[in-house]
Amino acid sequence: MQNWRDEKNEFSILMLPPAFWLVTFFTLPLVVVWVYSFGNRGPLGETNLGFTLVNYVRAFELVHMAILWKTVWITIIVTALCFAFGFPMAMAISFAPGKWKLRLLMLVILPFWTNLLIRTYAWIAILRPRGILNGGLKWIHDTWYSLIGYGVEEIPKFVPWEILYNDKAVVIGLVYVHIPFMILPIYATMEKLDKSFLEASLDLGSSQMRTIFRVMMPLCMTGIVSGAMLVFVLTLGNFIVADVLGGTNSLMIGNQIARQFGAARDWPFGAALSFVILYATFILLWLRSIYAARLEQRDAKR
Amino acid sequence: MLNKPNHGVSRRTFLQGTAAVGVSVSVGSKPAWAQEDIVNVYNWPTYIGETTIETFEETTGTRVRYDLFASNEELIGKLSAGNPGYDVVVASDYAVDLLRKQDLLLPLNYDLIPNGDHLEEGFRNPVFDPGRIYSLPHAISTIGTGFRKSEISREDASSWGIYFDNAILSGKKSLYDGSRLTMGIALQFLGYSVNTVEEKEIHEARDLLIAANEGILTFAPDSGQDLLAAGTVHAALEWSGDILQVMLEDDDLDFAVPKEGGLAWGDHWAVPTGAPHPENAMKWINHVWDPRVQAEIQNTIRYGTANAAAKEFINPDDVNSPVVYPPAEVWGKTEPIIDVGHANRLYDDAWTVIRSS
């Protein structure tokens, strides 16, 4: 392979558009937000630039740390659930016959064609007390009681499952929204996987389950880690789902930030809060890169 | 107002916006489009009569460019970053207050707005714009409780107390996902002003709401009327007009302004600083204040008018409805929400605690 140092001119011309893109649409806005985070809010909600750390001090107040803690917990649960459902789905797609593979992949990507807000609102219709889920449960309830001999009048009243407007609904919504980000990277690594490893494992007497857990999962680890990272970071910042499906105490850190830029009109504090998250995210990405480097080292040794 | 679609952003308005950004950078010379005979109107979605634009273009010969926004914060954000070319906007009470204090509004030229004389006495001196120097009402309403008659009596629904008693309609009540509004009703229930800046009073309201979290289903983002219509809740804190719309489809629903006061709400026409066609903006306001035009608007959007001469042209059912026009003794007790400056921080911190405990 050619070294980029041999073709410096060509390389820099090729690098120009992405570098321009990154600086204009990523670094510059980030710098603006960073500068804001040291400003203060005027009495009319205007942003006064300056240098003060009060916004960061406020961001580390107990109440905000508690919200962050809760958000991280919800995010961990969502990531775990996405993996629990996403891994078998990726496997199913990967082992499906060629024609089906494409159709199944389309099904994973299809929801992206509808606006996130609308997809989240749709869950209200499914989960509400007189919604689709409770309608189905009521039908089972009524049918069961009439089958075991209750008259129409005697059937006990169906009590709807209260699953909307609480943290359960938020977790369901978040898993639904983010599961494609788990499936796709895992599927990508599975596709590259040499299937003869699996055959070898089965030939040597491992059970199907053991093969999945001891051979397949370790070999797909890069995909799993990438998927988990994507789901984790996206869930951490999501606020629409908690807004639409959450109950009275559903506040996540994303809602808190969004409110500072909206109704509270306290942009400096919102900026400081988002930078606290950003630092946390950077630490996570850094840990991931350390992990990836270790894997490479280990592979190199083999 | 989170979920209302913004069908108004066409490519043309987008280009116009980008052009305006360019203009604000290049100093001096007026661009050609600013001299065209047009008026750029910036309003909320579904908040205008069916024929208003048409009749304005016919009577004045001035063309209308119509654009939509979804929240006061969006409006304030755009105007404080430099007016991108709007001539006339619709702002809520507290937004008028904030905009005028930041010199983002032009005084109205009443020589060009003779119809302003129709303004009812009670609306001439609001706290957010004393003397109506910068704004004229577009629509007025109250915030109260929409409720299901078969589940709760009108008498019970006529107190904010239902939201703070966890035994009443437990898990079947929704409040609004906004700190000032929802904390406002708690303050009113406690006998304080909705605009208090006293830390002790704000904390009392906070503790009241934390204790009530148990019985409240959710803080709805302006969708209380949908929750009510779907039977998910039986009492919801909402705007009168929103409840009126679902009352048309379900006659088991009704609206009450609580005896503790209720909140007054108004949206107002105003002309932002830097408007390219301020005279056309005044002509526009004069047009929508024409009694017949005003009546056509309110017959479409079904909110209240502050235009005394328009009432005779408004659908009698609405004029006589206590939901659209609360009786004087009710209206007299309502309070508008105004901006509280540095005390916003107290409300926001309290709200954070309420929403996370």
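Thresholds applied
Residues numbered from 1 in each chain as written. Chains lettered and ligands numbered in written order. Predicted model: local features only at pLDDT ≥ 70, side-chain atom pairs only at ≥ 80, totals over all residues. Heavy atoms only, no water. Helix = DSSP H or I, 4+ residues; strand = E, 2+ residues; numbered from the N terminus. Rg over C-alpha atoms; globule rule 2.2 N^0.38 Å. Buried < 20%, exposed > 50% of the residue type's maximum accessible area, 1.4 Å probe, protein only. Contact = heavy atoms within 4.5 Å. Lys, Arg positive; Asp, Glu negative; His and termini not counted. Charge placed at Lys NZ, Arg CZ, Asp CG, Glu CD. Domains from an automatic or database assignment. Buried area = accessible area lost by both parts, 1.4 Å probe. Salt bridge = Lys/Arg side-chain N within 4 Å of Asp/Glu carboxyl O. Polar contact = N/O pair within 3.5 Å; in protein donor to acceptor, adjacent residues only side chain to side chain. Nonpolar A, V, L, I, M, F, W, Y, C, P; charged D, E, K, R; others polar. 1 Å grid on protein atoms, 1.4 Å probe; cavity = no way out; pocket = protein on both sides within 12 Å on 5 of 7 lines; lining within 4 Å. Points joined across faces, edges and corners; volume = space filled by probe spheres on them. Phe/Tyr/Trp six-rings, centres within 6.5 Å; stacked < 30°, edge-to-face > 60°.

**Thoughts on the overall build of chain B**
At step 1: Looking only at helices and strands, chain B has 15 helices and 11 strands in total.
At step 2: Expected size for 357 residues packed as a compact globule is a radius of gyration near 21 Å; at 21 Å, chain B falls within 12% of this value.
At step 3: Across its three principal axes, chain B shows a C-alpha extent of roughly 65 × 45 × 35 Å.
At step 4: Residues counted as buried form 59% of the 357 residues belonging to chain B.
At step 5: Here the contacts in chain B between residues at least 6 apart in sequence split such that 75% fall between residues at least 24 apart.
At step 6: When the 27 positive and 51 negative side-chain charges of chain B are each reduced to one mean point, those points stand 3 Å apart.

**Considering the domain arrangement of chain B**
Residues and elements named next belong to chain B.
At step 1: You can read the domains of chain B as domain 1 (11–140 + 265–326) and domain 2 (141–263 + 332–354).
At step 2: Taken together, the contact between domain 1 and domain 2 spans 15 residues of the former and 18 residues of the latter.
At step 3: In total, domain 1 and domain 2 occlude about 1500 Å² of area from one another, counting both sides; carbon and sulfur atoms represent 66% of this.
At step 4: It is Trp265, Arg302 and Val323 in domain 1 that bury the most area against domain 2; as a group they hold 47% of the surface buried on that side.
At step 5: Our count for the domain 1 to domain 2 interface comes out at 0 salt bridges.
At step 6: On inspection of domain 1 and its partner domain 2, the count reaches 2 residue pairs in polar contact (both at pLDDT 80 or more).
At step 7: Those elements that place two or more of their residues in the side of domain 1 that touches domain 2 are helix H5 (93–101) and strand S5 (135–148).
At step 8: In terms of residue count, the dominant contributor to the side of domain 1 that touches domain 2 is H5 (4 residues).
At step 9: Here the side of domain 1 that touches domain 2 is composed, by residue class, of 12 nonpolar, no polar and 3 charged.

**Digging into empty space enclosed by the protein**
Leftover empty space is mapped by rolling, across the atoms, a probe with the size of a water molecule.
At step 1: Under the defined criterion, the tally for this structure stands at 3 cavities of 30 Å³ or more.
At step 2: In this structure, the largest cavity encloses a volume near 60 Å³.
At step 3: Residue lining of the largest cavity: Tyr121, Ile124, Tyr165, Asp243, Val244 and Gly246 of chain A together with Thr218, Phe219, Ala220, Pro221, Ser223 and Leu227 of chain B, and that is the complete set.
At step 4: Listing elements by their share of the lining of the largest cavity, those giving two or more residues are helix H5 (116–127) and helix H11 (240–245) of chain A together with strand S7 (216–220) of chain B.
At step 5: Top element by residues in the lining of the largest cavity is S7 of chain B. It accounts for 3 residues.
At step 6: A class-by-class count of the residues in the lining of the largest cavity yields 8 nonpolar, 3 polar and 1 charged.
At step 7: In terms of lining residues, the second largest cavity is bounded by Ile140, Ser141, Ser240, Gly241, Leu244, Arg302, Tyr303, Gly304, Val323 and Val324 of chain B.
At step 8: For the lining of the second largest cavity, the secondary structure elements donating two or more residues are S5 and helix H10 (240–247) of chain B.
At step 9: If you tally residues by element for the lining of the second largest cavity, the top one is H10 of chain B, at 3 residues.
At step 10: Looking at the lining of the second largest cavity, its residues break down into 5 nonpolar, 4 polar and 1 charged.
At step 11: The residues that make up the lining of the second largest cavity include at least three from each of domain 1 (11–140 + 265–326) and domain 2 (141–263 + 332–354) of chain B.

**Regarding the packing of aromatic side chains**
All names here are of chain A.
At step 1: The full count for this structure, using the stated rule, is 24 aromatic pairs over all chains.
At step 2: With a centroid separation of 4.6 Å and an interplanar angle of 50°, the aromatic rings of Trp21 and Phe25 are classed as tilted. Of this pair, Trp21 and Phe25 both sit in helix H1 (residues 8–36), 4 residues apart, roughly one helical turn. In this pair, the class of Trp21 matches that of Phe25, namely exposed.

**Topic: the interface of chain B and chain A**
At step 1: Taken together, the 34 residues of chain B in the interface contact 30 residues of chain A.
At step 2: For the pair chain B and chain A, the summed buried area comes to about 2700 Å², and 55% of that belongs to carbon and sulfur atoms.
At step 3: Per-residue buried area on chain B facing chain A is highest for Asp348, Thr352 and Arg355 of chain B; these three make up 19% of the total on that side.
At step 4: Where chain B touches chain A, the interface holds 5 salt bridges.
At step 5: Of the charged contacts, one joins Arg345 of chain B and Glu61 of chain A as a salt bridge, the two residues approaching to 3.8 Å between their closest N and O atoms.
At step 6: Between chain B and chain A we count 11 residue pairs in polar contact (both at pLDDT 80 or more) in total.
At step 7: Every element with two or more residues in the side of chain B that touches chain A is listed here: helix H4 (72–80), H5, S7 and helix H15 (344–354) of chain B.
At step 8: Among the residues forming the side of chain B that touches chain A, the class breakdown is 13 nonpolar, 12 polar and 9 charged.

**Regarding the side chain of Thr189 of chain A**
All names here are of chain A.
At step 1: With respect to the helices and strands, the residue Thr189 is situated in helix H7 (residues 167–192).
At step 2: On the basis of relative accessibility, which here comes to 14%, the residue Thr189 falls in the buried class.
At step 3: Discounting chain neighbours no more than four positions away, the residues touching Thr189 are Cys220, Thr222 and Gly223.

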